[in-house]
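Chain and residue survey
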Amino acid sequence: MAKIKVGVIEDNKTLLIMYRHYITSLKDVELAFAAESIEDISSKTKLKEKPDLIFLDIDLDGKSGIDGIPQIKKMFPSAGIIMLTNSEEGKDVIHALKMGAIGYVVKTVDLKDLYNAVIGVLDSGGFLSPQIAREVIGEIQKKNGLNLHVSFSRREQDVLEQLKKGLSYKAIATNLFITSHAVNQHLKRIYKKTGVNSRGELMALWYNEEV
Amino acid sequence: MSLFNLDLLRSISGGSEEGVKEILISFHEELGSQKSKILNVIASEQYAPLAKIMHNIKSMMGIINDQKLAANVSEMAKASYYDQEKEVVKDKILQFLHEADLLRNDAEQIINQLSSK
C-alpha cells in the first residue's frame, strides 16, 4: 500500500522538529515537507512530493494559517488541510472549516493525535479533536440561543469548574491567575446567563443537572 | 533526575538519540527566544503578543516531567488572552522565567552528555 504523504507547516521550531521525527517514524505515513511558513513551502526545492494531507498551524507568524488556506489549496488542490491550534475557540474552528479545512487538532505533545487525525480523515473525510468538537457544538448552540453548559465562554467554564470544587473566589483567582474582581465579573455573566442571583442558586442548578 | 521526559523524547524520535538531541537543542533555543520576547513585552508594557508567546511555550511543556509546572504554564497562557488579567499574570510569568532557565540548563547538560557519547 502506498504511504500517505503528509506536510507540516508550523512556526514553532521545536514542535516542527518533533512532528517531523514522529511522522518519519510512522510505517504507513511519509513526510512530504516540514516548513515554518506558507512562504517557505512556495520554494519548490523544499518539496519532495505532493502531500495528501497538510497539518497547518493556525497562528503562524506573517500570514495566518486560516488566511493561507486558499493559497495552499491552489498549490495542492487534492490535499486535505488539518488545522493545528492552541486555541479551542469554536468560532475559529467554524471559520477554518468554512475556508476549506477538513480537520482540527489541538496541539499536544501526544503526537498520536496527529496519526489519529490522518486515519480519521482517510476513514471519514474529516477529524476534530474531542475538545474542539465540544467547542463547535457550543458555538452552534450559542447561536441558537440555548442556555446550556456549553454556552459559557471558556473562561466562564474555568470559573464554574473551580466553583464546583467549592473554592473561594480568592482561591479561584489564585488558581486561574486572575484578580478576585475578574472572578466576580465572570460570575456576574454566569448568573445572568443562568438567571440566578447567588452562588447557592447556581449550585442548586448544577446539582439538578441544569447547568 | 532529568527535568525532561526522555522516554517520551526517544519515543517521538523513533529511538534515535540524535533525534532527542535535536529536539532538546531546539527547545533550548526556542525557550531562550520566547524568554527574550517576554522580557520585551513586559518592558514595553505592550501585552498584545503575550498570548501567542505563552501558547508557544505551553505547547513545548509536554516534554517536561513536572506536570504541575506544565499546568501552571497552561493557566498563564489562558490568562494572557484577557487584557484585564495581564497585569496579574505578568508577575507569574516573571517567576516562570526562573524555571525556564532551569529547564534550559538541564537541556544543555543532556545535549552535552549525548554529544560526548
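Before going into details, it helps to say that this report is about the structure given with it. (Residues numbered from 1 in each chain as written. Chains lettered and ligands numbered in written order. Predicted model: local features only at pLDDT ≥ 70, side-chain atom pairs only at ≥ 80, totals over all residues. Heavy atoms only, no water.)

**Looking at the overall build of chain B**
The cut-off we apply is this: By definition, any uninterrupted DSSP run of H or I lasting at least four residues is a helix, any uninterrupted run of E lasting at least two residues is a strand, and each is numbered from the N terminus. Values of the radius of gyration come from C-alpha atoms, whereas the globule rule sets the reference at 2.2 Å times the count of residues to the power 0.38. We call a residue buried when its accessible area falls under 20% of the maximum for its residue type, exposed when it is over 50%, and partly exposed in between, using a 1.4 Å probe and counting protein chains only. By definition, residues are in contact when any of their heavy atoms lie within 4.5 Å.
In terms of helices and strands, chain B carries five helices and zero strands. Taken from N to C terminus, the helices and strands of chain B fall in the order α-α-α-α-α. For a compact globule of 117 residues, the expected C-alpha radius of gyration is about 13 Å, and chain B comes in at 15 Å, within 12% of that figure. When its C-alpha atoms are laid out on the principal axes, chain B stretches across 50 × 20 × 20 Å. When the 117 residues of chain B are sorted by exposure, 50% land in the buried category. At a minimum sequence separation of 6, the contacts of chain B that also span at least 24 residues come to 63%.

**Topic: the sheet that holds strand β5 (residues 103-106) of chain A**
Residue and element names in this part refer to chain A. Note the cut-off: When DSSP finds two or more bridges between two strands, those strands count as paired. The convention used is that axes are lines fitted to C-alpha atoms, helices contributing only their stretch in contact, and that angles between N-to-C directions extend from 0 to 180 degrees.
Spatially, the six strands line up as an open sheet ordered β2-β1-β3-β4-β5-β6, and their pairing is parallel. Edge positions in the open sheet fall to β2 (29-35) and β6 (127-128), since each of these has one partner strand only. The strands touched by helix α3 (residues 65-75) within the sheet are β1 (4-9), β3 (53-57) and β4 (80-85), with β4 carrying the most contacts at an inclination of about 160 degrees.

**Some remarks on the interface of chain B and chain A**
Short version of the rule: Throughout, buried area stands for the accessible area (probe radius 1.4 Å) lost by two parts on being put together, summed over both. Put simply, a salt bridge is a Lys or Arg side-chain nitrogen that is within 4 Å of an Asp or Glu carboxyl oxygen. Pairing of N or O atoms within 3.5 Å defines a polar contact, subject to two protein rules: one partner must be a possible hydrogen donor and the other a possible acceptor, and residues neighboring in sequence count only if both atoms are side-chain atoms.
Taken together, the contacts link 30 residues of chain B with 29 residues of chain A. At the boundary of chain B with chain A, total buried surface from both sides reaches about 2600 Å², with 56% on carbon and sulfur atoms. When the area that chain B buries against chain A is broken down by residue, the three leading residues are Ile12, Lys52 and Ser59 of chain B, summing to 22%. In this assembly, chain B and chain A are joined by four salt bridges. Of the charged contacts, one joins Asp11 of chain A and Lys52 of chain B as a salt bridge, the two residues approaching to 2.8 Å between their closest N and O atoms. Linking chain B with chain A are nine residue pairs in polar contact (both at pLDDT 80 or more), by the criterion used here. Going through the elements one at a time, α1 (6-12), α2 (17-44), α3 (50-60), α4 (67-79) and α5 (86-115) of chain B are the ones with two or more residues in the side of chain B that touches chain A.

**Comments concerning the packing of α2 of chain B against α5 of chain B**
Residue and element names in this part refer to chain B. To be explicit about the condition: Should an angle lie under 35 degrees it is considered roughly parallel, over 145 roughly antiparallel, and from 65 to 115 roughly perpendicular; all remaining angles are considered oblique. Left-handed describes a crossing whose near helix is turned anticlockwise from the far helix through less than a right angle; right-handed describes the clockwise counterpart. Under the scheme applied, nonpolar residues are Ala, Val, Leu, Ile, Met, Phe, Trp, Tyr, Cys and Pro; charged residues are Asp, Glu, Lys and Arg; polar residues are all the others, including Gly.
One can describe the packing of α2 onto α5 by two numbers: an axis separation of 9 Å at closest approach and a directional angle of 155 degrees. Considering their axes alone, α2 and α5 lie roughly antiparallel with respect to each other. The chirality of how α2 crosses α5 is left-handed. Residues belonging to the contact of α2 with α5 are distributed by class as follows: 17 nonpolar, three polar and seven charged.

**Observations concerning α3 of chain A**
Note the threshold: Note: the arc covers the axis-to-C-beta directions of the helix.
Taken together, the buried positions of α3 of chain A are Gly65, Ile66, Gly68, Ile69 and Ile72 of chain A. Seen from one end, α3 of chain A has its buried residues packed into an arc of 135 degrees, which puts them on one side.

**Side note on helix α5 (residues 112-124) of chain A**
Residues and elements named next belong to chain A. Note the following rule: Here a helix's expected span is defined as the number of its residues, less one, multiplied by 1.5 Å.
Relative to the 18 Å expected for 13 residues at 1.5 Å per residue, α5 spans 18 Å between its end C-alpha atoms, a close match to the ideal helical length. Restricting attention to buried positions, one finds in α5 the residues Leu114, Ala117, Val118, Gly120 and Val121. The arc that holds every buried residue of α5, seen down its axis, measures 165 degrees, which confines them to one face. Counted as exposed and oriented over 90 degrees from the buried face of α5: Lys112, Asp123 and Ser124. Looking at the buried residues of α5, the elements they touch are β1, α1 (13-25), β3, β4, β5 and β6. Of the residues one or two after α5, Gly125 is the one with positive phi, at around 80 degrees.

**Quick notes on the environment of Ile69 of chain A**
All names here are of chain A. Mapped onto the secondary structure, Ile69 falls in helix α3. Judged by relative accessible area, which is 0%, Ile69 ranks as buried. Separated by 31 residues in sequence, Ile69 and Gly100 place their C-alpha atoms 7.1 Å apart. Among all residues touching Ile69, those that are not within four sequence positions of it are Leu56, Ile81, Met83, Ala96, Met99 and Ala101.

**Regarding the pattern of salt bridges**
All chains considered together, the criterion is met by 14 salt bridges over all chains. A salt bridge links Arg10 of chain B to Glu17 of chain B, with the shortest nitrogen-to-oxygen separation between them at 3.0 Å. Residue classification places Arg10 of chain B among the partly exposed positions, given a relative accessible area of 31%. Its relative accessible area of 28% is what places Glu17 of chain B among the partly exposed residues. Salt-bridge contacts for Lys78 of chain B lead to Glu75 of chain B; the nearest nitrogen and oxygen are separated by 3.8 Å. Linking Lys78 of chain B with Glu75 of chain B, this pair stays in helix α4, spanning three residues, or about one helical turn. Shared partners join several salt bridges into a network, and the residues in it are Arg155 and Asp158 of chain A together with Glu75 and Lys78 of chain B.

So yeah, pure geometry; function would need other evidence.
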